[in-house]
Structures are given as C-alpha cells and as structure tokens.
Amino acid sequence: MHQLDERLGRALSGALLPRPVAELLADLGSAAVALPVLAAALGYAAWRGFRAGARRWWLAPLVAALAMAAVPALVVPLKAAVDRGAPPGMDGTGYYPSGHTATATVAYGAAALLLLPFLRAPRALTAACVLVNLAVGLGLVVRGYHWPADVLASWLLCGGPLGAVALSRSTRRSSSRTPSC
C-alpha cells in the first residue's frame, strides 16, 4: 500500500497545477487562513441564534470551537505513533496524517455546518466546502508536502469532530418531550 501511495504522490508532485496555484491551495489549510473563516462563522451563527431567541443558540458554535481545538489532540499523537517519512524534498518524519488537511476539513466543514441553516442555497455552500477541502488536499500533494494517504487519513479522522458539530445543531426534539397518548 505504501508503494502505491508513494508512486501516486510522486506522479502528482509538481504535476496538474502550476506551483503558485498549488501553493495557494495548500495555504488554505493553514491555521492563519482557516481559523478566521471558522471564527467568523462561529460569531455569525451565535449572533443569529441569540437574536432569534433560540433556546441553545450557543451549543453549535461551542461544539464547533471544541472540534477545532480537538484537531491537534487527534493529529499530533498519530503523527508521533506512525512517524511516516517525508515526501521527496521534505525533511524528517511525522507527515501522517496531514495537519493542514485536518485544519481545513474541520474549520471549513464546521463553518459550513454552522451557516447552512441561514442560507437559501445550502447545496452551493456544501459543494464549495467539499471543493475547497479537495483543493487543499490536492495542493498539499502536488506541492510535495504530503503523500496522498496523509491527506486521506486526515479527511477520515475529521469525520468524528464534524459529526459532533452536525449533531449539535440538530433541531429535533428529544423523545422525553413527546406528549404521552
């Protein structure tokens, strides 16, 4: 499996995209870019929920912030445990999973989940979120910063935190409030 991953990584490295475009896409996964996007979505969702008088207006933004805070707690121990070597041109080990991919996935995914209830075109935002995250992963591989499996592992790893955000914004009532017959 490693050989297939590394062969694919070498084939994609430097291919498909001009270097500045690949660099820009990879940079979308940095905390300096992704965290302000999430912060704006957190603030907007909290403000809209509070203004609308929602009972637990603070819950989804809080869970989204905690999901983002959990990213290093999930990624760093895995990097240390797996200790995967760098792609050609990079030094050291600890590239699996990709921290930039995980940051982008949770930040942009949580932002989208927070904003969906307030939009008239939620499919467009969902598609944009998926495309941005695919672009970040592609940029990281094309620039030679990560192997494809590093990116894929981060996407899979982030399902849990994003699932928690999705559940926190659920509007279904609990069965304990259902009137008895």
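Basis of the calculations
For every chain, the first residue of its written sequence is number 1, and the numbers climb from 1 along that sequence. Only residues with pLDDT of at least 70 get local features here, since the model is predicted, and only at 80 or more are side-chain atom pairs given and counted; chain-wide, interface and lining totals rely on the full set of residues. Side-chain metrics in this entry use all non-hydrogen atoms of the structure; hydrogen atoms and water are not considered. Within this analysis, patches are made of residues with over 30% relative accessible area and no salt bridge. Like charges are joined at 9 Å or less; nonpolar side chains (Val, Leu, Ile, Met, Phe, Trp, Tyr) at 5 Å or less. Using the Shrake-Rupley algorithm and a 1.4 Å probe, accessible areas are obtained, with residue cover drawn only from the displayed protein chains. By salt bridge we mean one thing: a side-chain nitrogen of Lys or Arg within 4 Å of a carboxyl oxygen of Asp or Glu. Working definition: helices are DSSP H or I runs of at least four residues, strands are E runs of at least two. Numbering for both runs from the N terminus. Only protein chains enter the accessibility calculation, which uses a 1.4 Å probe. A residue is then buried if its area is under 20% of the maximum for its type, exposed if over 50%, and partly exposed in between. Think of each axis as a best-fit line through the C-alpha atoms, taken over the contacting stretch in the case of a helix, with angles from 0 to 180 degrees between the N-to-C directions. Each angle is binned into one of four classes, with values under 35 degrees roughly parallel, values over 145 roughly antiparallel, values of 65 to 115 roughly perpendicular, and all other values oblique. Only heavy atoms matter for contacts: two residues are in contact if any of them lie within 4.5 Å across the pair. Under the scheme applied, nonpolar residues are Ala, Val, Leu, Ile, Met, Phe, Trp, Tyr, Cys and Pro; charged residues are Asp, Glu, Lys and Arg; polar residues are all the others, including Gly. Here is the rule: rings of Phe, Tyr and Trp (six-membered ring for Trp) pair when centre to centre is within 6.5 Å. Planes less than 30 degrees apart are stacked, more than 60 are edge-to-face, and the remainder are tilted.

Draft legend 1. Here's a closer look at a nonpolar patch on the surface. On the surface, Phe 50, Trp 57, Trp 58, Leu 62 and Leu 66 cluster together into a nonpolar patch covering about 530 Å² of accessible area. Tracing the chain through its elements places Trp 58 in the loop between α3 (31-51) and α4 (59-82). What makes Trp 58 partly exposed here is its relative accessible area of 40%.

Draft legend 2. How the structure looks around the packing of helix α7 (residues 148-157) against helix α8 (residues 159-168). For the pair α7 and α8, the least separation of the axes is 5 Å and the interaxial angle reads 30°. Compared by their axis directions, α7 and α8 come out roughly parallel. In this structure, α7 uses Trp 155, Leu 156 and Leu 157 to contact α8, whose residues at the interface are Gly 159, Gly 160 and Pro 161. A per-class count over the contact of α7 with α8 returns four nonpolar, two polar and no charged.

Draft legend 3. Highlighting the packing of aromatic side chains. Tallied over the full model, the rule gives three aromatic pairs. Plain terms: the ring middles of Tyr 44 and Trp 47 are 6.0 Å apart, the flat faces sit at 45° to each other, and that makes the pair tilted. Remark: Trp 47 and Tyr 44 occur in helix α3; sequence separation between them is three residues, near one turn of the helix. Judged by relative accessible area, Tyr 44 falls into the partly exposed class, the value being 33%. An aromatic cluster is defined as three or more aromatic residues linked by ring pairs; in this entry it consists of Tyr 44, Trp 47 and Phe 118.

Geometric descriptors of this kind do not, in isolation, establish any biological role.
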